[in-house]
Amino acid sequence: MASPEAPQSHRRSWLKPATWHLRTRLILLAMALLIAICGAVGVASYASMDAFLTRQLDEQLSQAAERANDPGRPPMGGFNGRDPLDARGQSVGTVNARILNGQVNSGGFLASDTTRSALSTEDKETLLALAANAQPVDRALSNGNYRLVAVKTNFGDVLVTGLPLAGKESTLTSLVWTFVFVSLGGLLLVGLAGTILIRRTMKPLEQLSEVATRVSQLPLDAGEVALAVRVPPSNSNPGTEVGSVGHALNLMLDNVASALQARQKSETKVRQFVADASHELRTPLTAIRGYTELMRMTEDFTPDGQKSLARVQSQSERMTALVEDLLLLARLDEGQPLKLTEVDLTQLVVESVSDEKVMAPGHTWRLELPDEPVVVNGDASQLRQVLVNLLSNARKHTPSGTTVVTGVGTSPEGAAIVAVRDDGGGIPAAFVDHVFSRFARADAARKGSGDQAGASAAEGTSGLGLSIVQSIMEAHGGRVTVTSRPGRTEFALQMPLLQQKGQGDAPRFVISVT
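So, how was this worked out
Residues numbered from 1 in each chain as written. Predicted model: local features only at pLDDT ≥ 70, side-chain atom pairs only at ≥ 80, totals over all residues. Heavy atoms only, no water. Helix = DSSP H or I, 4+ residues; strand = E, 2+ residues; numbered from the N terminus. Buried < 20%, exposed > 50% of the residue type's maximum accessible area, 1.4 Å probe, protein only. Areas by Shrake-Rupley, 256 points an atom, 1.4 Å probe, with all protein chains shown as cover. Salt bridge = Lys/Arg side-chain N within 4 Å of Asp/Glu carboxyl O. Axes fitted to C-alpha atoms, helices over the stretch in contact; angles between N-to-C directions. Parallel < 35°, antiparallel > 145°, perpendicular 65-115°, else oblique. Left-handed = near helix turned anticlockwise from the far one by under 90°. Contact = heavy atoms within 4.5 Å. Patch = residues over 30% accessible without salt bridge, like charges linked within 9 Å, V, L, I, M, F, W, Y side chains within 5 Å. Core = buried A, V, L, I, M, F, W, Y, C linked by side-chain atoms within 4.5 Å. Nonpolar A, V, L, I, M, F, W, Y, C, P; charged D, E, K, R; others polar. Pairing = 2+ DSSP bridges. Phe/Tyr/Trp six-rings, centres within 6.5 Å; stacked < 30°, edge-to-face > 60°. Expected span 1.5 Å × (residues − 1). Polar contact = N/O pair within 3.5 Å; in protein donor to acceptor, adjacent residues only side chain to side chain.

Student: Help me understand the overall build of the chain, please; the structure alone is not making it clear to me.
Tutor: Tallying secondary structure elements over the chain gives 11 helices and 13 strands in all. The buried share of the chain, taken over its 514 residues, is 35%. For the chain, the accessible surface area stands at approximately 29900 Å², while carbon and sulfur atoms represent 56% of it.

Student: Would you mind going over the pattern of salt bridges with me for this structure?
Tutor: Where charged atoms from two side chains of opposite charge come close, those side chains can pair. Applying the stated criterion across every chain yields a total of 11 salt bridges. Taking the shortest distance from any N to any O, the salt bridge between Glu368 and Arg421 comes out at 3.7 Å. Taken together, the residues Glu368 in strand β8 (residues 364–368) and Arg421 in strand β11 (residues 415–422) connect sequence positions 53 residues apart. Judged by its relative accessible area of 23%, Glu368 falls in the partly exposed class.

Student: Got a minute to help me understand the packing of helix α6 (residues 345–359) against helix α7 (residues 380–396) in this structure?
Tutor: When two helices pack together, their arrangement is given by the angle between their axes and by how far apart the axes lie. At a minimum axis separation of 10 Å, α6 and α7 run at an interaxial angle of 40 degrees. Taken as axis vectors, α6 and α7 run oblique relative to one another. Of the two possible hands of crossing, α6 and α7 adopt the one that is right-handed. The segment α6 lies against α7, with Leu345, Leu348, Val349, Glu351, Ser352, Val353, Glu356 and Met359 engaging Ala380, Leu383, Arg384, Leu387, Val388, Leu391, Ser392 and Arg395.

Student: When you look at a nonpolar patch on the surface in this model, what are you seeing that I'm missing?
Tutor: The grouping of Tyr46, Val176, Trp177, Val180, Phe181 and Leu184 at the surface amounts to a nonpolar patch, some 590 Å² of accessible area in total. Positionally, Tyr46 belongs in helix α1 (residues 22–69). Tyr46 sits in the partly exposed class, given a relative accessible area of 36%.

Student: Explain the nonpolar core here, please?
Tutor: Nonpolar side chains in soluble globular proteins tend to be buried together. Judged by nonpolar contacts, the single largest core of 40 residues is most densely connected at Leu345, Leu390 and Leu493. Excluding anything up to four places from it in sequence, Leu493 contacts Val386, Leu387, Leu390, Ala416, Ile417, Val418, Val469, Met473, Arg479 and Val480.

Student: What exactly am I supposed to notice about the packing of α7 against helix α11 (residues 465–475) here?
Tutor: Where α7 meets α11, the closest approach of the two axes is 9 Å, and the angle between their N-to-C directions is 145 degrees. Here the hand of the crossing between α7 and α11 comes out left-handed. Packed against α7, whose contacting residues are Gln382, Gln385, Val386, Asn389, Leu390 and Asn393, the element α11 presents Gly465, Leu466, Ile468, Val469, Ile472 and Met473 at the interface. Looking at the contact of α7 with α11, its residues break down into 7 nonpolar, 5 polar and no charged.

Student: Help me understand the sheet that holds strand β1 (residues 95–100) in this model?
Tutor: Paired through backbone hydrogen bonds, the strands of a sheet run either parallel or antiparallel to each other. Read across the sheet, 6 strands follow the order β3-β2-β1-β6-β5-β4 without closing on themselves; strand pairing throughout is antiparallel. Lying at the two open borders of the sheet, with one neighbouring strand each, are β3 (116–117) and β4 (137–141). Sheet topology note: the β1/strand β6 (residues 158–164) ladder contains 5 bridges and is antiparallel. By the bridge assignment for β6, Ile99 is matched with Val158. Sitting on the sheet, α1 is in contact with β1, β5 (144–152) and β6, with an inclination near 140 degrees to β6.

Student: How should I be thinking about the packing of aromatic side chains in this particular structure?
Tutor: Here the distance between the centres and the angle between the planes together describe a pair of aromatic rings. All told, the structure shown has 3 aromatic pairs when counted by the stated rule. Relative to Tyr146, the ring of Phe109 has its centre 5.7 Å away and its plane inclined at 50 degrees; by these criteria the two rings are tilted. Here Phe109 is found in strand β2 (residues 103–110), whereas its partner Tyr146 is found in strand β5, with 37 residues between them in sequence. Like Tyr146, Phe109 is buried.

Student: What am I meant to see in the sheet that holds strand β10 (residues 403–410) here?
Tutor: One open sheet holds the 5 strands; their spatial order is β8-β10-β11-β13-β12, and the pairing between them is mixed. Among the strands making up the open sheet, the edge pair consists of β8 and β12 (479–485). Averaged over all pairs of adjacent strands, the angle between their axes in this sheet comes to 15 degrees, without regard to strand direction. Of the pairings in the sheet, the one linking β8 to β10 comprises 5 bridges and is parallel in character. Each bridged residue has a counterpart across the sheet, and for Glu368 the counterpart in β10 is Gly407. Most of the contacts of α6 go to β8, to which it runs at about 175 degrees, and overall it touches β8, β10 and β11.

Student: Where do I start with α6 in this structure?
Tutor: Residues three or four positions apart in an α-helix share a direction because the helix packs 3.6 residues into each turn. In a regular helix each residue adds 1.5 Å, so 15 residues correspond to 21 Å; α6 covers 21 Å between its end C-alpha atoms and thus fits that length. Buried residues along α6 sit in contact with β7 (341–344), β8, β9 (375–378), α7, β10 and β11. The residue sitting at the N-terminus of α6 and contributing the capping side-chain oxygen is Asp344; that oxygen lies 3.0 Å from the backbone nitrogen of Thr346.

Student: Is there a simple way to think about unusual backbone geometry in this case?
Tutor: Across residues other than glycine, the phi torsion is negative in most instances, and most of the peptide bonds are trans. Unusually for a residue other than glycine, Asn101 sits at a positive phi of about 60 degrees. Note on Asn101: relative accessible area 74%, which makes it exposed. Backbone geometry at Ala134 places phi at a positive 65 degrees, although glycine is not the residue there. For Ala134, the location among the structural elements is in the loop between α2 (121–128) and β4.

Student: Quick question: what am I supposed to make of the side chain of Arg147 here?
Tutor: One can find Arg147 in strand β5. The class of Arg147 is buried, set by a relative accessible area of 12%. Engagement of the side chain of Arg147 in a polar contact is seen with the side chain of Asp138, the distance being 3.0 Å. Every residue in contact with Arg147, bar those within four places of it in the chain, is listed here: Thr54, Leu57, Asp58, Leu61, Pro136, Val137, Asp138, Thr161, Gly162, Leu163 and Leu165.

Without other data, these values stay purely geometric and don't point to any function.
Printed below as a string of structure tokens:
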């Protein structure tokens, strides 16, 4: 049995922010703002610290260059060749070199044990490439990155002094990691605290959503509805944003409840009128039929009189059937209890099809039955009425020669299935959605022309048969569906099976309704 298409659920996708929860977006927005703030503060702090350390290093470099120039001053008469690293107060890691005539005359690194490390060839090339303009620059040497300054002395030589950048780089690295860890800790704290606070703040909105969801699940389409669901006073205070929404929702629910009560009163009056009118009409209709039959037996009429009397009797019988249908619908609408017994649908189908076969021998009637009985818990007379209505509907609205197939079985979900299928002209697509409405007719689409429409024209249709089918099935906790196209029209009944011991082991004949 083909089940109706289920509505698609709203799925959230991380690729579509519009589908996220509001609290998720608020938390992510707060974290994004915190990341932006931390990033801006970090960049500003890094730039400020870098400028401060550079100025500090440049001052130290200027002092180191002045100390290195003192022992390097040659005596009267020429260059004495003394090493600038011999100057007092030079720190570990300092690099000094004296350049004379385009060559490094002396120089090296001051190691931690006050020894000197020689300059490599690459280091000398780097120092020789410096401009003697007393402007500090950063260069990479064999011992690491250095801040270098080249100063031309009054004696014609160039004195190069350099201090390592390791201290500055270590400080900046520590600053970066400190900001990273502090920012991560702040993000974690904001994420946890924000989640808790935003959840508490959004709780009233969730309660409003719960109220709206509960209302949406109420059966408001028919029957007496007790719309007692309301937003609690704590969340319906008009003085707050959320409270104003809750207050408006309560006003809307009050209005809907009043409208439903008015509709229920109107429907109750109409049903009571129909029930009373139908009940009152039964007696005069019975009298008309009785007197008609009595006159036919006791009086002599001309042939035209006989036809008129037969017409009166047929119309009174049709009116009686219509009244009985209206009474049945009124009882079903009132929800009167059913006379539940164990009903063998297989036997009920065989009997109903046999009766219709006698009434319409021009149709081809076929049965598709299971090997085991299909038993349900229901009202036998009403279920027989359902089958009679479906089979007579196929008989009245299809021409002679039409094949009508009635099948009984169970669905994979464990429900009893009865399907009535014919290969007639079909139901118009625009009318399928209204086929179960009361007093709905589409005779032009389901009947043929000439003698093919004889049964329908002779018996007439009230437009209540299929609505009775739907009401009876709903009263039994089941449903009826219809699918139609030219050459195939199928009505499918589905209702719960009677649970019996050992029934689950019995073979089942499964009908697939498409």
